Amino acid sequence: MMKKKSVSARKASLVLFLCQMISALDVPLDSKLLEELSQPPTITQQSPKDYIVDPRENIVIQCEAKGKPPPSFSWTRNGTHFDIDKDAQVTMKPNSGTLVINIMNGGKAEAYEGVYQCTARNERGAAISNNIVIRPSRSPLWTKEKLEPNHVREGDSLVLHCRPPVGLPPPIIFWMDNAFQRLPQSERVSQGLNGDLYFSNVQPEDTREDYICYARFNHTQTIQQKQPISVKVFSTKPVTERQPVLLTPTGSTSTKVELRGNVLLLECIAAGLPTPVIRWIKEGGELPANRTFFENFKKTLKIIDVSEADSGNYKCIARNRLGSAHHVISVTVKAAPYWITAPRNLVLSPGEDGTLICRANGNPKPNISWLANGVPIAIAPEDPSRKVDGDTIIFSHVQERSSSVYQCNASNEYGYLLANAFVNVLAEPPRILTPANKLYQVIADSPALLDCAYFGSPKPEIEWFKGVKGSILRGNEYVFHDNGTLEIPVAQKDSTGTYTCVARNELGKIQNEVHLEVKDPTMIIKQPEYKVIQRYGQVSFECVIKHDSTLLPTIIWLKDNDELPDDERFLVGKDNLTIMNVTDKDDGTYTCIVNTTLDSVSASAVLTVVAAPPTPAIIYARPNPPFDLELTGQLERSVELSWIPGDENNSPITNFVIEYEDGLHEPGVWHYQTEVPGTQTTVQLKLSPYVNYSFRVIAVNEIGRSQPSEPSEQYLTKSANPDENPSNVQGIGSEPDNLVITWESLKGFQSNGPGLQYKVSWRQKDVDDEWTSVIVANVSKYIVSGTPTFVPYEIKVQALNDLGYAPEPSEVIGHSGEDLPMVAPGNVQVHVINSTLAKVHWDTVPLKTVRGHLQGYKVYYWKVQSLSIRSRRHVEKKILTFRGNKTFGMLPGLEPYSSYKLNVRVVNGKGEGPASPDKVFKTPEGVPSSPSFLRITNPTLDSLTLEWGSPTHPNGVLTSYILKFQPINNTHELGPLVEIRIPANESSLILKNLNYSTRYKFYFNAQTSVGSGSQITEEAITIMDEGAGKAMASRQVDIATQGWFIGLMCAVALLILILLIVCFIRRNKGGKYPVKEKEDAHADPEIQPMKEDDGTFGEYSDAEDHKPLKKGSRTPSDRTVKKEDSDDSLVDYGEGVNGQFNEDGSFIGQYSGKKEKEPAEGNESSEAPSPVNAMNSFV
C-alpha cells in the first residue's frame, strides 16, 4: 500500500513540474522592454576556479554581472569580507566587479594567494561566483648535486633519474645533449612519464658525458637544466642475453585512479636483451575502440575521455625471445560532479507556482545543497512560498517579495559545481510590442500574417476583432498562433480592413490596430510568342500585363536568362521588345519578367533566325582562302607570318584566324593561335620551345569562314626548361593511411623539351619536417602510403625535362585519407511538437574525433508500434540528413499515437560514425481517419440498418462515433439535421421512426479525445416495398670547469704579458725622439682623424658597447638563438628564439619576457665551444 502511495506522489510531482514549465513566462527579446523590467543579478563572466597567475604581472580577477537595477559588487577572501578600499594595490573596475591587483608597482603576488568569491547584488537578489583559488606560478631552481659517472656493462639496463624541482604548474621534461639537440629515443631508450630516461639495455654508442635533463615551466616561460650526467659503457665478451624484467612499474600489480573525462595514461618499461616488445590487454574485455592510442613505442597506453566503463584490470606484457614479464594495473574511474539538469531562471507571475531543479551525478554521488542570495537556505530569511525537497525547490503561490537568486552546489571529494538561477516574480499589465497602425499588404489567395507581439504578467489572453465594432474572430478560416499572430491562410479581397488585437490580464487591458490590404495578382494577359525571322529583319515580342492599380510594376527582358546585349538594335517599349536588323547572334529565348513589391510573373518565347533569300544581282559568299604563306624573322620564341588574302566575294573580310599544327606531338591536329583584323596581312607570332610548327590562315567575313589556306613551311623551335608546372594539384586520401596526389599533366607542347617528368614533394603541415620528394614519369597521380589519418599536407608538383626544372611551384594543402568518425553524438533529446512532428537535438562531436571533413549528421528513426493497434509489421527505418555542424532537426510525417525510436550519427567523407543510443519517444493522439466503410441495409418503411467499420488509422483511443442525418425532398432541399453519438464499441445501428419513401443523407465520423476525424457520407431511402443503402635553458654549468674558459683565460694572460714586455722595452729605449717631436709640433693640417661620416677612422668611442641588446636581433653577436640552423632543439619546447644566460642558471629571453641590459659584444670568430657559440649553433 505504501509503495502505491509513493508512486502516486512521484507521478503527481512530475505532473506538477511539467505544469510549471508550461506556465513559466517567456520574456521577449525586445530591447526597450528589457530595459524596463526588473531582473535579479546574473553572473556573466568570472575567472576560472583554479587561477594560476604570473607573479610578474598584475592579477586580474574577473567578475561581471547584469541585472535591473544594475548590481553592486563585493568580494570575500578566504571566507571573510575583502575590503578593497583599505588596500592601495587593489582596485575594482568601474561598473564592474573585476578586481585589478597591482603587482608591477611594488605588490607581491604571494601576498594575495587565497580563495576569492564575488557577490553581485541588487534589490531583487544576490548572485555569487565560483570559489576562485589564486596561486602564483613558481619555477624553482634545481638543487645542486654532485653526480657520479655511471659505469654500465654492455647489455645491462640503466635508469637516468631527472627528479625536477616541484613547480606550479608542473614542468614539462625533456632530455638533450650539450649541443642542445634532443637525444634520440627508440624501443630501447625512452623517457618515462616521470621524466626519467630508461635504457632497456645499454650499447657502446650510449657512452657520452652530456645526458642533460631540462624542465620547462610554461607559465613563466623559463627552462631549468640539471647538471650533465656521464654514462660509460664497458664491454664484456660475450654479451649475455636476458629475459624481460619490468623497470616501471615495480611488482606484479599496482592501482590507478583517474577522473571521468580525463586521459588515462598507463606505462610499462622493461629491461632485457634483446629489447622487449610491449603488448597491452584488458582482462575480461576489449580496449575501447576509437579511444585507445599507443605512445612511446607502445610503452604507454593512452585512453581518452575515460568513463566508469573503462574501470578494470589492464595488463602489460613485455616479451623477447627468452621469455616474458607482465604487470597488472587496476584502474578505477571516479567522477567529479557533472550536470544532469542545471537549475534554470524562472519568471513567474504573482500567485503562480514553479520549480527549480538541480540534478548532478558523479562518483561518489555528489551532495546537493541550496543557498538563497549566497546564504545557506537553512539560515536564509523564510519564504512561505518556498519548499526545499532534496534537489528541487517547489514554489507555491509566489508574490513579488519571493524574487531571489538561488545557488545550487553539487560537490564530492573530486570537485564541485555551482549554478545561479533566479526566481523573478513580475506583475506587469499587458503591453503590445507591435507598432500601431502597421500596414500589411498581400496578394489575393495567399496567406496573411498579422503580428501582435505582446508581454504581460500574468500572461495576457489575446483576442482579435475585425473592424471597429466587429465581433471576435473565430472559426476555421483563421489560425491563432501562441505568439499572438493572426494568420489568414487564404486572404481574399473582402479580407481587406482594420484588425484589432486586444491583450488583457487581471492588471489591465490594451489594444492595437493593424491594417490589411489584399491586392489583385499581377498577370500577363498577352504573352510573347515563338517567332521565326529572316536575317537582317525586324521582330517584336509583346508582354501586355494586368495588375493592381495601387502597385507599380517593372518589366525586365532577358535573353537566354541573362541581360539583353548592350546594343542599340534592342528597343524596349512599354509592353514590347523590338529587335532591329536581326543577326544570327540574336537567336535564343527571350523572357519577360514583371515584378511588383508583392509578386512576380514571367513568360518566355523562342526566336529563330534564318537566312535571307538570295539576291540575284549581288552574290554574297564566304571569302576565298588566303595563299602564299611565308615565315620570316625566325627567333627562338617568335616568328613573323605573312600571307596574301583571297577574294572577298562581295563581303569585306573582317578578320583573319591563324591556326598552328604541332607536327612533333600532335600531327594532323590544328589549334587556334590568334586572330588579326581583316586589313592586316602580317603578324608576329609567339612560339613555345620544342614544337615543330606549321601555320595556316582562315579569312572571315559576314557570311562565314573561308577554307583554310595551304600550310606554311615547318619551323622547329629549340628545347628549353618547362615554363610552367602542372595545374589543379590536389591531395586527397583514398584510404585512412594514404595520400593520393593528383595533377593535370602538361600538354605536349608545354613540355618545352624531351624527357618530361614530374618532381612530387610533400610534408606534413604544421610539423617541422623536411620535404619528401620523388620523381615520377609523365603520369598524373602518385600515392603516399603510411600517413596518419586525416592530417593536412603541403604538396607541390614541379615539371622537369632533359634540360632542367620549371620554376618553383606554389604549394597547395591536401589531406590524407579520412576514416570513419570515432564517437557518436551525445545528449540526444527529442521534443514532440505535435502528433506528426518532432524536433531532435544533439551535442556536436569534437572535431578531432570526426577524422575527416564534417559533412553533417544523419538521424535514423523508425516506428516501433502503434499505441492503439497492437500489430507487428516490418520496421521501415527512415533517414534524414542534416548538412554541416547542425545540432537539431525536424522529424516530419510521424504517425499519431505511436512509439518511435531514433539514433543520431555523424557523417564525414568516409561514411557514418557509430550510432548514439536509441532514444524512445511517443507521439500524442490525433484525430482518426474516416471509418473504413458505411453500409446501409435492410430498408423498411420507417427504419434503416447502418453498419460500419472502425477507422483504418484510429490515431488514438476512439471515444465515440458521431452520426448526423437529414432528409432530402424531391427538390433536393435538405431538412433538419439530427445528430446521434454512438459508443465506440458499436459497429451497427438500427434507425427507427423514419418517414417512409424518404431519401436520407448520412454523415458519419469517429472521435478521439483530440477531436473528430474526417467523415464519410451515404444516402438511402426508406421504401414502401424496396430500398438501397525526432586541444633557454640556462644551463647550470660551472664556467670555471669548462675547457674553453680555461683556454680563454690563458690567452688573455699571455696577451697582457706580451704588452707589458713591449712597454718595458719602449721605456728602456727612452721617451720621445727628435723626429717624433717635430711631427707632433708641425702636424700636417691635411692629416686629420678620419670620421665615421666619410667612412674613415675618427676618435674611438665605446658608446655602442653599452647599449642594451635589442629584443629580436638576429646577429650572431647578440647571443640569440637562430631557429633556422636546426630543426630539433630547445626552440621546439618554447615560444621564442632569443635567450641569454643568467647568474642563477636560468635561461631568460623570450622565455622570461624581460629585456636584460648587457654590453654588446663584437663579432666573434669560430673557436672552441662557448655558451655564445653554442647558442649561435643552437636552433
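In every chain, residue numbers begin from 1 and rise along the written sequence. Local features in this predicted model are restricted to residues of pLDDT 70 or higher, and side-chain atom pairs are both shown and tallied only at a pLDDT of 80 or more, whereas totals for entire chains, interfaces and linings draw on every residue. With hydrogens and water stripped out, all remaining heavy atoms of the structure feed into the side-chain values.

Q: For this particular structure, what's the right way to read the overall build of the protein chain?
A: Only DSSP runs of H or I with at least four residues qualify as helices, and only runs of E with at least two residues qualify as strands; both kinds are numbered from the N terminus onward. For the protein chain, the helix and strand inventory stands at 6 helices and 87 strands. Looking at the protein chain as a whole, 40% of its 1179 residues are labelled buried. With residues, only the protein chains shown are counted as cover, and all accessible areas are computed by Shrake-Rupley using a 1.4 Å probe. Accessible surface, the protein chain: about 64700 Å² in total, of which carbon and sulfur atoms supply 51%. A 1.4 Å probe rolled over the protein chains alone gives each residue an accessible area, and that area as a share of the maximum for its type sets the label: buried under 20%, exposed over 50%, partly exposed in between.

Q: I'm lost on the pairing of strand β81 (residues 960–968) in this one. Help?
A: Each regular strand carries side chains that alternate between the two faces of the sheet. Most of β81 is tucked away, with 7 of its 9 residues classed as buried. Two strands pair when backbone bridges link them, and β81 and strand β82 (residues 978–983) are joined in this way by 6 bridges, in the antiparallel orientation. Each bridged residue has a counterpart across the sheet, and for I962 the counterpart in β82 is R981. Strand pairing is assigned whenever DSSP identifies at least 2 bridges connecting the two strands. Relative to strand β84 (residues 999–1007), β81 runs antiparallel, the two being bridged by 9 bridges.

Q: Would you mind showing me how to read the state of the cysteines here?
A: Cysteine pairs can be linked by a disulfide, which is a covalent bond between their two sulfur atoms. Disulfide assignment relies on a single distance test, namely cysteine sulfur atoms paired within 2.5 Å. The final tally for this structure, using the stated rule, is 6 disulfides. Note on cysteine connectivity: C162 is disulfide-linked to C213, with sulfurs 1.9 Å apart. Negative torsions about the S-S bond denote left-handed disulfides, and the value of about -70° found for C162 with C213 makes this one left-handed. Residue C162 is located in the loop between β13 (158–160) and β14 (172–176), and its partner C213 is located in strand β17 (residues 208–217); the two are separated by 51 residues in the primary sequence. Accessibility expressed as a relative area gives 0% for C162, which makes it buried. Note that C268 is cross-linked by a disulfide to C316, the S-S spacing being 1.8 Å. Looking along the S-S bond of the C268-C316 disulfide, the torsion reads about -65°, which is the left-handed sense. With a gap of 48 residues between them, C268 in the loop between β22 (264–267) and β23 (269–273) and C316 in strand β27 (residues 312–320) connect regions that are remote in the sequence. On the basis of relative accessible area, C316 is assigned to the buried category, the value being 1%. Sequence-ordered numbering of the disulfide-bonded cysteines in the protein chain gives the connectivity 1-2, 3-4, 5-6, 7-8, 9-10, 11-12.

Q: I keep staring at the sheet that holds strand β7 (residues 90–92) and nothing clicks. Help me out?
A: Strand pairing within a sheet occurs via backbone hydrogen bonds; the two strands may be parallel or antiparallel. Pairing in this open sheet of 3 strands is antiparallel, and the strands run β3-β8-β7 from one edge to the other. Edge positions in the sheet fall to β3 (59–61) and β7, since each of these pairs with one other strand and no more. On average, each strand axis in the sheet is inclined to that of its neighbour by 20°, with strand direction left out of account. For β7 and strand β8 (residues 99–101), the ladder comprises 3 bridges, and the chain directions are antiparallel. If you follow T91 over to β8, its bridge partner there is V100. Where helices are involved, their axes are fitted lines through C-alpha atoms of the stretch in contact, as for all axes, and angles between N-to-C directions lie from 0 to 180°.

Q: Would you explain the environment of E123 in this entry?
A: If you trace the backbone, E123 turns up in the loop between β9 (114–122) and β10 (125–128). It is 8.4 Å that separates the C-alpha atoms of E123 and P71, two residues lying 52 residues apart in sequence.

Q: What's the story with the nonpolar core in this structure? I'm lost.
A: Side chains that are nonpolar tend, in soluble globular proteins, to be buried together. Core analysis: the biggest nonpolar cluster contains 30 residues, and I59, I61, W75, I101, Y116 and I134 have the highest contact counts within it. Residue assignment for this core shows that the elements contributing at least two residues are β2 (50–53), β3, β4 (63–68), β5 (72–77), β8, β9 and β11 (132–136). Element by element, the count of residues in this core is highest for β9, at 3 residues. Any two residues having at least one pair of non-hydrogen atoms within 4.5 Å are treated as being in contact. Beyond its immediate chain neighbours, meaning those up to four positions away, I61 contacts S47, Y51, W75, G97, T98, L99, I101, Y116, I132 and I134. Nonpolar core, defined: a set of buried Ala, Val, Leu, Ile, Met, Phe, Trp, Tyr and Cys residues in which side-chain atoms within 4.5 Å join the residues together.

Q: Help me out: how do you make sense of the sheet that holds strand β80 (residues 944–951) in this one?
A: Read across the sheet, 3 strands follow the order β79-β80-β83 without closing on themselves; strand pairing throughout is antiparallel. Two strands lie at the open edges of the sheet, namely β79 (931–937) and β83 (988–991), each paired on one side alone. Each strand of the sheet is rotated relative to its neighbour by a mean of 15°, with strand direction disregarded. The sheet contact formed by β80 and β83 spans 4 bridges and is antiparallel. Looking at β83, one finds that E947 is bridged to S988.

Q: I'm lost on the pattern of salt bridges in this one. Help?
A: Each reported salt bridge corresponds to a side-chain nitrogen of Lys or Arg within 4 Å of a carboxyl oxygen of Asp or Glu. Tallied over the full model, the rule gives 39 salt bridges. Its salt-bridge partner being R569, residue D586 comes within 2.9 Å of it at the nearest N-O pair. Of the two residues, D586 is situated in the loop between β54 (576–579) and β55 (588–595) and R569 in the loop between β52 (562–563) and β53 (570–572); the sequence distance between them amounts to 17 residues. The two residues D586 and R569 agree in class, both being buried. For E735, the salt bridge identified is with K910, shortest N-O distance 3.7 Å.

Q: What is the right way to look at the packing of aromatic side chains in this model?
A: Given two aromatic rings, one states the distance between the centres and the angle between the planes to describe the pair. A pair of Phe, Tyr and Trp rings is counted when the ring centres sit within 6.5 Å of each other, with Trp represented by its six-membered ring. The angle between the planes then sorts it: under 30 degrees is stacked, over 60 is edge-to-face, the rest tilted. If you walk through the whole model with that rule in mind, you get 20 aromatic pairs. Where W948 meets F1004, the ring centres are 4.8 Å apart and the plane angle is 45°; that geometry is what we call tilted. Note that W948 is positioned in strand β80 and F1004 in strand β84, a separation of 56 residues in sequence. Since its relative accessible area comes to 4%, W948 is described here as buried.

Q: Looking at this structure, how should I read a nonpolar patch on the surface?
A: Taken together, the side chains of L1054, L1057, I1058, I1061, V1062, F1064 and I1065 make up a nonpolar region of the molecular surface, amounting to roughly 660 Å² of accessible area. Structurally, the position occupied by I1065 is in helix α4 (residues 1043–1069). Assessed through its relative accessible area of 43%, I1065 is described here as partly exposed. Exposure above 30% relative accessible area and the absence of a salt bridge qualify a residue for a patch, where like charges join within 9 Å and nonpolar side chains (Val, Leu, Ile, Met, Phe, Trp, Tyr) within 5 Å.

Q: When you look at unusual backbone geometry in this model, what are you seeing that I'm missing?
A: Across the chain, the bulk of peptide bonds are trans and the bulk of non-glycine residues have phi less than zero. With an omega of -5°, the peptide bond running from L168 to P169 counts as cis. Here L273 and P274 are connected by a cis peptide whose omega angle stands at 5°. Take P274: it is sitting in the loop between β23 and β24 (277–282). Unlike most non-glycine residues, N296 shows phi in positive territory, near 55°. Along the chain, N296 falls in the loop between β25 (292–295) and β26 (300–303).

Q: When you look at the side chain of T434 in this model, what are you seeing that I'm missing?
A: Among the structural elements, T434 can be located in the loop between β38 (428–432) and β39 (438–443). From its side chain, T434 meets the backbone nitrogen of A453 in a polar contact 2.8 Å long. As used in this structure description, the phrase polar contact means that two N or O atoms lie within 3.5 Å; if the pair is within protein, one of them must be able to donate a hydrogen and the other to accept it, and residues adjacent in sequence are counted only when both atoms belong to side chains.

Q: Sorry, what's going on with the confidence of the model for the protein chain here?
A: As a general rule, the predicted coordinates of low-pLDDT regions are not to be interpreted in detail. On a range of 0 to 100, pLDDT expresses the predictor's confidence in each residue. Looking at the protein chain, the pLDDT average stands at 84 and 85% of residues meet or exceed 70. Low pLDDT, under 50, characterises residues 1–23; the predicted model gives this stretch 8 contacts beyond four residues in sequence or across chains. Every residue in residues 1026–1037 is under pLDDT 50, and counting partners more than four places away or in other chains gives 64 contacts.

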